[in-house]
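Each chain is listed here by its residues.
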Amino acid sequence: MEKTCIDALPLTMNSSEKQETVCIFGTGDFGRSLGLKMLQCGYSVVFGSRNPQKTTLLPSGAEVLSYSEAAKKSGIIIIAIHREHYDFLTELTEVLNGKILVDISNNLKINQYPESNAEYLAHLVPGAHVVKAFNTISAWALQSGALDASRQVFVCGNDSKAKQRVMDIVRNLGLTPMDQGSLMAAKEIEKYPLQLFPMWRFPFYLSAVLCVFLFFYCVIRDVIYPYVYEKKDNTFRMAISIPNRIFPITALTLLALVYLPGVIAAILQLYRGTKYRRFPDWLDHWMLCRKQLGLVALGFAFLHVLYTLVIPIRYYVRWRLGNLTVTQVNLFLYIFFCS
Ligand SMILES: NC(=O)C1=CN([C@@H]2O[C@H](COP(=O)(O)OP(=O)(O)OC[C@H]3O[C@@H](n4cnc5c(N)ncnc54)[C@H](OP(=O)(O)O)[C@@H]3O)[C@@H](O)[C@H]2O)C=CC1
Ligand SMILES: [Cu+2]
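One numbering rule holds for all chains: residues counted from 1, following each sequence as written. For this description, chains carry letters from A and ligands carry numbers from 1, given in the order in which they are written. At least 70 in pLDDT is required for a residue's local features to be given in this predicted model, at least 80 for side-chain atom pairs to be given and counted, and no such filter applies to totals for whole chains, interfaces and linings, which use all residues. Each side-chain value is derived from all of the structure's non-hydrogen atoms; neither hydrogens nor water enter the calculation.

In the annotation of an unreviewed UniProt entry, the chain is listed under the name STEAP4 metalloreductase and assigned to Homo sapiens. Recorded in UniProt under Sequence similarities (unreviewed entry), the annotation for the chain is "Belongs to the STEAP family." UniProt positions are given in the numbering used here, feature names are shortened, and annotations may be inferred rather than shown by experiment. In the Subcellular location (unreviewed entry) part of its UniProt record, the chain is described as follows: "Endosome membrane".

A run of H or I in DSSP counts as a helix once it spans at least four residues, and a run of E counts as a strand once it spans at least two, with each numbered from the N terminus. A tally of helices and strands in the chain yields eleven helices and eight strands. Only protein chains enter the accessibility calculation, which uses a 1.4 Å probe; a residue is then buried when its area is under 20% of its type maximum, exposed when over 50%, and partly exposed in between. Relative to its full complement of 339 residues, the chain shows a buried share of 37%. Contact definition: two residues touch when any of their heavy atoms are within 4.5 Å. In the chain, 66% of the contacts between residues at least 6 apart in sequence involve partners at least 24 apart. Computed with a 1.4 Å probe, the accessible areas rest on the Shrake-Rupley method; for each residue, only the protein chains presented here act as cover. For the chain, the exposed surface amounts to about 20,400 Å²; the carbon and sulfur share of it is 63%.

Attention now moves to the UniProt feature "transmembrane region" (unreviewed entry) in the chain. Feature annotation in UniProt assigns "transmembrane region" (unreviewed entry) to the following positions: residues 204–229, 249–271 and 292–313. What you have in residues 204–229 is 100% helix and 0% strand, and the ends, taken at the C-alpha atoms, are 36 Å apart. End C-alpha atoms of residues 249–271 are separated by 32 Å, and the span's content is 100% helix alongside 0% strand.

The next thing to look at is the side chain of R83. With respect to the helices and strands, the residue R83 is situated in the loop between strand 4 (76–79) and helix 3 (93–96). If near-sequence neighbours (up to four positions away) are discounted, R83 is found in contact with N107, Y113, E115, S116, N117 and Y120.

So, about the site of ligand 1. A molecule or strand has a residue near it when one of that residue's heavy atoms lies within 4 Å. Neighbouring residues of ligand 1: 19 residues in total, closest T27, F30, S49, Y67 and A139. Two N or O atoms count as a polar contact when they lie within 3.5 Å, although within protein this holds only if one can serve as hydrogen donor and the other as acceptor, and sequence-adjacent residues are included solely when both atoms are side-chain atoms. One of the side-chain nitrogen or oxygen atoms of R50 is found 2.9 Å away from an oxygen atom of ligand 1. N106 places a polar main-chain atom, nitrogen or oxygen, 2.9 Å from an oxygen atom of ligand 1. Protein coverage of the free-state accessible area of ligand 1, which is 880 Å², stands at 77%.

Direction vectors running N to C along helix 9 (residues 241–272) and helix 10 (residues 281–288) enclose 135°, while the axes themselves pass 9 Å from each other. One element, helix 9, and the other, helix 10, form an angle in the oblique class. Every pair of crossing elements has a handedness; the one defined by helix 9 and helix 10 is left-handed. Note on element contacts: helix 10 touches helix 9 through W282, L283, W286 and M287, opposite L257, L260, P261, G262, I264, A265 and L268. Here the residues of the contact of helix 9 with helix 10 sort into ten nonpolar, one polar and no charged. A fitted line through C-alpha atoms serves as each axis, taken over the contacting stretch for helices, and the angle formed by two N-to-C directions is quoted from 0 to 180°. Oblique is the label for any angle not under 35 degrees, not over 145, and not in the 65 to 115 range, which are roughly parallel, roughly antiparallel and roughly perpendicular in turn. Left-handed is the label given to a crossing in which the near helix is rotated counterclockwise from the far helix by less than a right angle, and right-handed is the label when the rotation is clockwise. Nonpolar residues are Ala, Val, Leu, Ile, Met, Phe, Trp, Tyr, Cys and Pro. Charged residues are Asp, Glu, Lys and Arg, and all others, Gly as well, are polar.

On to the sheet that holds strand 2 (residues 44–49). Within a sheet, adjacent strands bond to each other through the backbone by hydrogen bonds, running parallel or antiparallel. Only strands that DSSP links by at least two bridges are regarded as paired with each other. Strand order in this open sheet of eight strands is 3-2-1-4-5-6-7-8, and the pairing throughout is mixed. The two strands at the open ends of the sheet, each matched to only one other strand, are strand 3 (63–66) and strand 8 (176–179). Strand after strand, the sheet turns through a mean of 30° between neighbouring axes, direction not considered. Pairing between strand 1 (residues 21–25) and strand 4: three bridges, direction parallel.

For the rest of this paragraph, the subject is helix 6 (residues 160–172). The end-to-end C-alpha separation of helix 6 is 18 Å, in line with the 18 Å expected for 13 residues at 1.5 Å each. Among all positions of helix 6, only A162, K163, V166, M167, I169, V170 and N172 are buried. The N-cap residue of helix 6 is D159: its side-chain oxygen and the backbone nitrogen of K161 are 3.2 Å apart. In the stretch just after helix 6, G174 is the one whose phi turns positive, near 85°. Working rule for helices: expected span equals 1.5 Å times residues minus one.

Bringing the pairing of strand 6 (residues 129–132) into the picture now. Bridge analysis of strand 5 (residues 100–103) against strand 6 gives four bridges, and the strand direction is parallel. Along strand 6, the bridge assignment pairs V102 with V131. Orient the strands so they point away from the viewer; a crossover is then right-handed if the path from the first strand over the helix to the second runs clockwise. Following the backbone out of strand 5, through helix 4 (residues 117–124) and into the adjacent parallel strand 6, one traces a crossover that is right-handed.

Given two aromatic rings, their pairing is described by the distance between the two centres and the angle made by the two planes. Two aromatic rings, drawn from Phe, Tyr or Trp (for Trp, its six-membered ring), form a pair once their centres lie within 6.5 Å of each other, and the interplanar angle then sorts them: stacked below 30 degrees, edge-to-face above 60, tilted otherwise. Tallied over the entire structure, the rule returns ten aromatic pairs. Taking 4.7 Å as the distance between ring centres and 40° as the angle between the ring planes, the aromatic pair formed by Y67 and F88 counts as tilted. Taken together, the positions of Y67 in helix 2 (residues 67–71) and F88 in the loop between strand 4 and helix 3 put the pair 21 residues apart, joining distant regions of the chain. Residue classification places Y67 among the buried residues on the basis of a relative accessible area of 11%. With a relative accessible area of 22%, F88 lands in the partly exposed category. With a centroid separation of 6.2 Å and 10° between ring planes, the pair formed by Y86 and Y120 is classed as stacked. You can see Y86 sitting in the loop between strand 4 and helix 3 and its partner Y120 sitting in helix 4, a full 34 residues away along the chain.

Further remarks concern unusual backbone geometry. One non-glycine residue, F134, lies in positive phi territory at about 65°. One can find F134 in the loop between strand 6 and helix 5 (139–144). With relative accessibility at 2%, the residue F134 sits in the buried group.

As structure tokens, this is what we get:
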């Protein structure tokens, strides 16, 4: 049976073909979005819910039953529930025995729990075949069709038949399954959605340290030194001209750090005589956050442009103000002496 749904349009199914029924536990955001997508792709969908009567906003065409009733309808159950609420599944172990449970859950933090959510689920329902999938796809993207950049669905599980069936569903939804191996890979897969932010951390800390260091260096050179040796007060420079010196230096340093790891990696590969070996972790991480480093560098370059444009305006205003005071003094003297 080969059917693919790239667009959000139902494909006409061969009437002799029996629609595969998929069960979804949980009628939240994700459950609803995935259910709608599956209906559009020709599956029949049964939802499991705590209050089958009260649920609203469900895609039309889907059936809603209690959790245990819904589980009986299908061999594949997608668990669209947060991990914290999994414990009630232990009461359903009998119904869930031998079924494929798809864990799609994510956590809020990396290493929030000692074991991955999928392994936890497998532990709660030992008789079921747990497969991890869909966790990197957002409910919003499923609905809006904004999946172009992220059609990849990472799948892992211990039972290869179960995994194949889930991968078939993924394919039929117009997404690309990526087999990641056994359920042990779930821990890694659950990290993906959380990994956007850590890539920014290093560039931010680095640029903060650079800025602070350069600021003190410039203050010592341009303010404290002239004050001590020439008794000149240069403190006004701390507002604009010193920052405007720091920004381009930081931007150029960060830009250099964008290109440096590539060079180091190339040297390392030449030295090792192969490109098929893993880089050390620090280099790996450094290579991965090049984009973020580059964007922060761009930010600093932009600030430099802004400040550079501001300086002539400031001089002009000061000149205008100076002129104004001179005219006022003249006027005052004129009035004073002529009266
Ligand atoms: N939203 C997203 O974009 C994505 C979500 N996910 C994952 O999908 C799962 C569900 O997320 P989402 O749909 O956003 O969450 P919601 O809070 O919108 O929905 C969770 C559903 O879980 C069911 N549920 C069962 N038991 C309980 C309980 N004790 N307390 C509260 N709810 C319960 C409820 O359904 P009912 O009332 O019918 O029983 C509820 O609607 C999560 O594990 C999340 O990590 C993964 C990728 C993306
Ligand atoms: Cu410049």
